[in-house]
Amino acid sequence: MGEGDSQTATSAAAAPKRAYWCFISYRHADNREAGREWATWLHHALETYQVPADLVGRTNDRGEVIPAQIFPVFRDEEELAGGHLKQGICDALGTAKSLVVLCSPRVLGSSYVDEEIRTYKRLRGAELRAGAKPLRAEPMAAILDGDPAAPAGSPDDCLPAALRQEVGEGGELTGRAAEESLWIDFRLPDGGQGWASPGAYREALERVPGVSRADAAARVAAYRQALEKAKLRLIAGILGVPLGELQKRDDAYRLAQARRRARALAGILAVVLVLAVAAAIGGLVAVPPRRVAGRPRD
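Along each chain, the written sequence defines residue order, and numbers are assigned to residues from 1. Only residues with pLDDT of 70 or above have their local features reported here, since the model is predicted, and side-chain atom pairs are shown and tallied only from 80 upward, although totals for entire chains, interfaces and linings are computed over all residues. Neither water nor hydrogens contribute to the side-chain values; these are computed over all heavy atoms in the structure.

A. Region of the structure containing the overall build of the chain. Counting from the N terminus, the helices are DSSP H or I runs at least four residues long and the strands are E runs at least two residues long. The helix and strand tally for the chain stands at eight helices and seven strands. Burial statistics for the chain: of 298 residues in total, 40% are counted as buried. When checking whether two residues touch, look at their non-hydrogen atoms; a contact exists if any pair is within 4.5 Å. Here the analysis covers contacts within the chain between residues at least 6 apart in sequence; of these, 68% occur between residues at least 24 apart. A 1.4 Å probe and the Shrake-Rupley method give the accessible areas. Residues count as covered only by the protein chains that appear here. Carbon and sulfur atoms make up 56% of the accessible area of the chain, which totals about 17,100 Å². Between buried and exposed lies partly exposed: a residue is buried under 20% and exposed over 50% of the maximum accessible area for its type, with that area taken using a 1.4 Å probe on protein chains only.

B. Looking closely at the sheet that holds strand β7 (residues 182-185). Across the sheet, which stays open at both edges, the five strands sit in the order β2-β1-β3-β4-β7 with parallel pairing between neighbours. Strands at the two margins of the open sheet, each flanked by one partner only, are β2 (73-75) and β7. The sheet shows a mean angle of 25° between the axes of neighbouring strands, direction not considered. Here an axis means a line fitted to C-alpha atoms, over the contact stretch when the element is a helix, while the angle between two N-to-C directions is reported on a 0 to 180 degree scale. Against the sheet, helix α2 (residues 38-47) touches β1 (22-25), β2 and β3 (99-103), its axis set at about 170° to β2. Along the sheet face, helix α4 (residues 111-129) touches β1 and β3 and points at about 155° away from the line of β3. Any two strands between which DSSP finds at least two bridges are classified as paired.

C. Looking closely at unusual backbone geometry. Proline 72 follows phenylalanine 71 through a cis peptide bond whose omega is 0°. Mapped onto the elements of the fold, proline 72 is located in the loop between α2 and β2.

D. Quick look at the packing of aromatic side chains. Ring geometry is summarised as follows: Phe, Tyr and Trp rings, the Trp one being its six-membered ring, pair when their centres sit within 6.5 Å, and such pairs are stacked at plane angles under 30 degrees, edge-to-face over 60 and tilted between the two. The tally for this structure, following the rule as stated, stands at six aromatic pairs. Seen in terms of ring centroids, tryptophan 38 and tryptophan 41 are 5.7 Å apart; in terms of plane orientation they differ by 90°. Their pairing is edge-to-face. Taken together, the residues span about one helical turn, with tryptophan 38 and tryptophan 41 both in helix α2 at a distance of three residues. Tryptophan 38 gets classed as buried once you look at its relative accessible area, which sits at 2%.

E. Spotlight on the pattern of salt bridges. A pairing counts as a salt bridge when a side-chain nitrogen of Lys or Arg comes within 4 Å of a carboxyl oxygen of Asp or Glu. Taken as a whole and judged by the stated rule, the model has 14 salt bridges. Its salt-bridge partner being arginine 62, residue glutamate 64 comes within 3.0 Å of it at the nearest N-O pair. A single burial state applies to glutamate 64 and to arginine 62, both of which are buried. Residues participating in the shared-partner salt-bridge network are Asp30, Arg106 and Asp145.

F. Expanded view of the side chain of aspartate 76. Topologically, aspartate 76 is positioned in the loop between β2 and α3 (87-95). Under the counting rule used here, the positive set is Lys and Arg, the negative set is Asp and Glu, and His together with the chain ends is not counted. Here aspartate 76 sits buried without a salt bridge, and the closest side chain of opposite charge, lysine 86, lies 4.1 Å off (N-O distance). Not counting residues within four places of it along the chain, the set of residues in contact with aspartate 76 comprises Tyr26, His28, Lys86 and Ile89.

G. Here's a closer look at helix α6 (residues 198-206). Restricting attention to buried positions, one finds in α6 the residues Pro198, Gly199, Ala200, Tyr201, Ala204 and Leu205. Where α6 is buried, its residues contact α7 (213-239).

H. A look at the packing of α6 against α7. In contact at an axis separation of 10 Å, α6 and α7 are set at 150° when each is read in the N-to-C sense. As judged from the angle between their axes, α6 and α7 are roughly antiparallel. Between α6 and α7 the crossing geometry is right-handed. Within the contact between the two elements, α6 uses Pro198, Tyr201, Arg202 and Leu205 and α7 uses Ala216, Arg219, Val220, Tyr223, Arg224 and Leu227. Only Asp, Glu, Lys and Arg are considered charged in this grouping, and only Ala, Val, Leu, Ile, Met, Phe, Trp, Tyr, Cys and Pro are considered nonpolar; every other residue, Gly among them, is considered polar. In terms of residue class, the contact of α6 with α7 is built from seven nonpolar, no polar and three charged. Orientation labels follow simple angle bins: below 35 degrees gives roughly parallel, above 145 gives roughly antiparallel, 65 to 115 gives roughly perpendicular, and whatever is left gives oblique. A clockwise turn of the near helix away from the far one marks a right-handed crossing, whereas an anticlockwise turn of less than a right angle marks a left-handed crossing.

I. Layout of the pairing of β3. Across the five residues that make up β3, a large majority, five, are buried. Here β3 shows two buried faces, one formed by Leu99, Val101 and Cys103 and the other by Val100 and Leu102. When β1 meets β3, the two strands line up parallel, connected through three bridges. Counted as the bridge partner of serine 25 is valine 101 from β3. Two elements, β3 and strand β4 (residues 140-143), share four bridges in a ladder whose sense is parallel. Across the sheet, the residue bridging to valine 100 is methionine 140, located in β4.

J. Inspection of the packing of α2 against α7 at higher detail. Contact geometry of α2 with α7 gives a least axis separation of 11 Å together with a crossing angle of 65°. Put simply, α2 runs roughly perpendicular to α7. The handedness of the crossing between α2 and α7 comes out as right-handed. Contacts from Trp38, Trp41, Leu42, Ala45 and Leu46 in α2 reach Tyr223, Leu227, Lys231, Leu234, Ile235 and Ile238 in α7. Grouping the amino acids of the contact of α2 with α7 by side-chain chemistry returns ten nonpolar, no polar and one charged.

Following this line, the structure appears as structure tokens:
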């Protein structure tokens, strides 16, 4: 390695690592089906969420200053083929303020998700053992499918072992039951697998025999509201604020936005109306008087 290469490597090592507000841990099988691209949907939903203005700049219970946006969010888009976690993933886990695990029976087969949870909990445990206020939130479980109350190892089990158990200083599972993670339910009301897209849910209902359009519309509307509430509950956990406080401010923010849109639309309509009247008047003025053809007099 030359002198220039050495200086480059030293600079890269000395460069501060990027801090992430959230790390999304998931099995790629839960991000492939049309209408159920959960990791993609959640990543976009978090980074584009506008935090209510009167919360921005406040300090949460973890001592963090609440930002205007939950940015950046880490999501690994590659399907790892083997070996341990890549350095980039380890670095992201080392700076992540929160961890969201997308949970379904499929995730139990992912050793990488299990290792990501253990790494995050080991780092959080080190903060607690140091006697300092933990800068990391408790891991949160976004339930997509299965039953979080099902016994471990059962067909409906959807919680990785690293969520169920405490993690030791070396990242090993201790066998002791961990504090219950925050569960955010993204499933259908009957406990079935949820949809990241209400539109895809509507299309699926339309293919079910005996479900009328009115019934499908009612179910989709109810699920849309439940999906929005689940998203807000997750965001409250990431930001470290009570859900009720975030809900109240979010409702006020959305109402103010709706009023601004209504005023803007009213202004546009008024301008269009004035232009239409002006065009009509201009058309009348521009019409030349009709000539009356008469026969010449003798």
